[in-house]
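Structural overview for review
Residue-level listing of the chains:
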Amino acid sequence: MATHTETVGVIGAGTMGAGIALVCARNGHQVKLLDTNQAVLDKALAYLQATLSRDVEKGKITEEKKTETLALVDRISDMELLADCDIVIEAVPERLDLKKNIFSGLARICRSDALLLSNTSSISITEIAGGLPHPERILGFHFFNPAPVMPLVEVIRGTKSSEENVQRAYRFAEELGKVPVLVTDSPGFIVNRIARPYYNEALRILGDNLADVEKIDRIMKKAGGFKMGPFELQDMIGIDINFATTQSVYTDFFHEGRFKPSRIQQRMVQAGSLGRKTGEGFYDYDK
Ligand SMILES: NC(=O)c1ccc[n+]([C@@H]2O[C@H](COP(=O)([O-])OP(=O)(O)OC[C@H]3O[C@@H](n4cnc5c(N)ncnc54)[C@H](O)[C@@H]3O)[C@@H](O)[C@H]2O)c1
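Computed from a prediction, not measured in an experiment: that's the story for all the values here.

**Considerations on the UniProt feature "site: Important for catalytic activity" (unreviewed entry) in the chain**
UniProt annotation of "site: Important for catalytic activity" (unreviewed entry) refers to His-142 when read in the numbering used here. Within the secondary structure, His-142 is located in strand S6 (residues 138-143). Classification of His-142 by relative accessible area gives buried; the value is 3%.

**As for the confidence of the model for the chain**
When pLDDT is averaged along the chain, the result is 96, and 99% of the positions lie at 70 or above. Note on the complex model: pTM 0.95, ipTM 0.99.

**Here we look at the side chain of Glu-90**
Note on placement: Glu-90 falls in strand S4 (residues 87-90). Polar side-chain contacts of Glu-90 include one of 2.9 Å to the backbone nitrogen of Val-92.

**As for the packing of aromatic side chains**
Taken as a whole and judged by the stated rule, the model has six aromatic pairs. Aromatic side chains Phe-141 and Phe-143 sit 5.4 Å apart centroid to centroid with 75° between the ring planes, which places their arrangement in the edge-to-face category. Pair check on accessibility: Phe-141 and Phe-143 agree, each one buried. Ring geometry for Phe-231 against Phe-282: centres 4.7 Å apart, planes inclined by 65°, an arrangement best described as edge-to-face. Here Phe-282 lies in the segment after helix H11 (263-271) and Phe-231 lies in helix H9 (residues 230-237), a separation of 51 residues in the sequence. Taken as a pair, Phe-231 and Phe-282 share a single burial class, namely buried. Put simply, the rings of Phe-141, Phe-143 and Phe-172 pair up and form one aromatic cluster.

**What about the site of the ligand?**
With respect to spatial proximity, 24 residues lie near the ligand, and among them Asp-35, Glu-94, Lys-99, Ser-121 and Ile-237 are the closest. Contacts to the ligand include Ser-121, whose side-chain N or O atom sits 2.6 Å from an oxygen atom. Between the ligand and Lys-277, the relevant distance is 3.3 Å, taken from an oxygen atom to a side-chain nitrogen or oxygen of the residue. Isolated, the ligand exposes 830 Å² of accessible area, and the fraction of that covered by the protein chains is 87%. The set of elements that each furnish at least two residues to the shell around the ligand consists of helix H1 (15-26), helix H4 (96-109) and S6. In terms of residue class, the shell around the ligand is made up of 10 nonpolar, 10 polar and four charged.

**Comments concerning the UniProt feature "binding site: NAD(+)" (unreviewed entry) in the chain**
Those residues carrying the UniProt feature "binding site: NAD(+)" (unreviewed entry) are Gly-12, Ala-13, Gly-14, Thr-15, Met-16, Gly-17, Asp-35, Glu-94, Lys-99, Ser-121, Asn-145 and Lys-277 in this numbering. You can see Glu-94 is positioned in the loop between S4 and H4. Taking relative accessible area as the criterion, Glu-94 reaches 8% and is therefore assigned buried. In this view, Glu-94 contacts Lys-99, Thr-120, Ser-121, Ser-122, Ile-123, Ile-241, Ala-244 and Thr-245; residues no more than four positions away in its chain are not counted. In terms of polar contacts, Glu-94 uses its side chain to reach the side chain of Thr-120, at 2.9 Å. In this structure, Ser-121 sits in the loop between strand S5 (115-118) and helix H5 (125-129). The residues contacting Ser-121, other than those within four sequence positions of it, are Glu-94, His-142, Gly-188, Phe-189, Asn-192 and Thr-245.

Conventions we followed
- Residues numbered from 1 in each chain as written.
- Predicted model: local features only at pLDDT ≥ 70, side-chain atom pairs only at ≥ 80, totals over all residues.
- Heavy atoms only, no water.
- UniProt positions renumbered as here; feature names shortened; annotations may be inferred.
- Helix = DSSP H or I, 4+ residues; strand = E, 2+ residues; numbered from the N terminus.
- Buried < 20%, exposed > 50% of the residue type's maximum accessible area, 1.4 Å probe, protein only.
- pLDDT = per-residue confidence, 0-100.
- Polar contact = N/O pair within 3.5 Å; in protein donor to acceptor, adjacent residues only side chain to side chain.
- Phe/Tyr/Trp six-rings, centres within 6.5 Å; stacked < 30°, edge-to-face > 60°.
- Near = heavy atom within 4 Å.
- Areas by Shrake-Rupley, 256 points an atom, 1.4 Å probe, with all protein chains shown as cover.
- Nonpolar A, V, L, I, M, F, W, Y, C, P; charged D, E, K, R; others polar.
- Contact = heavy atoms within 4.5 Å.

Right, dumping it as structure tokens:
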């Protein structure tokens, strides 16, 4: 539990935002969870309720604690309401134009000492902050999926992020019970740079008809010791997010062939088969 409470804005209540909101509320922070899509906000609330109810059933928390934690999360749809936030964590889709737009709004709305963090998987923090007032307060803060479970947070220092704010973000991650690592801004940071070949080679093997999805996943789990196969992971992450991340890393590495995105993923995104969140991806799920 945090020693002092912050008011934390979370922008985007999808796969990552809902989990990040839960992590913050569990640690006693006041959360304003913003999404432009009301259905997503409703789904996020159902997720928070279900997860906390499971905590009660398992005896991890009391019913009162569950009620208290839920009461810490306000769902909002107006960005202006983030004006009193100490910290804002952006978790909207992996698109530079969208993120630049959000951060330019935040730069206008928020106090100049508010910490403005992006959960981007790969986009340059320096570019997100470029041209905005007080770029020293803009940093990457990259959770892993599922955010309440995975311990790692990459704290990414943009060219103009200040040392003071890097330390503040690092401490905040620790207070959330996470294991932060400091990373200098570079394409895909550390984890997603390493992860690209895992997905890309699996997709190439599939495209070359050397093995099917189930077989590749089974080999990597049973013999390779991975917790999830590359296709199960893509379905969990969201194929749109995974594809956008590969595209961003490929572009930022000036089109080095080793990072080239896959046509298979591109077609799935075009067809709206995005993995678990749409009920179908490499596998089928109950909607
Ligand atoms: N999915 C993962 O495994 C994963 C892991 C780590 C980091 N990330 C990163 O986190 C970010 C979010 O990914 P996600 O998987 O949660 O995406 P998602 O598609 O599940 O959710 C994004 C949400 O943002 C909302 N949104 C879009 N524009 C908005 C706006 N202007 N204002 C408010 N809300 C808006 C959408 O309605 C949607 O609910 C991306 O940058 C992604 O790269 C994702």
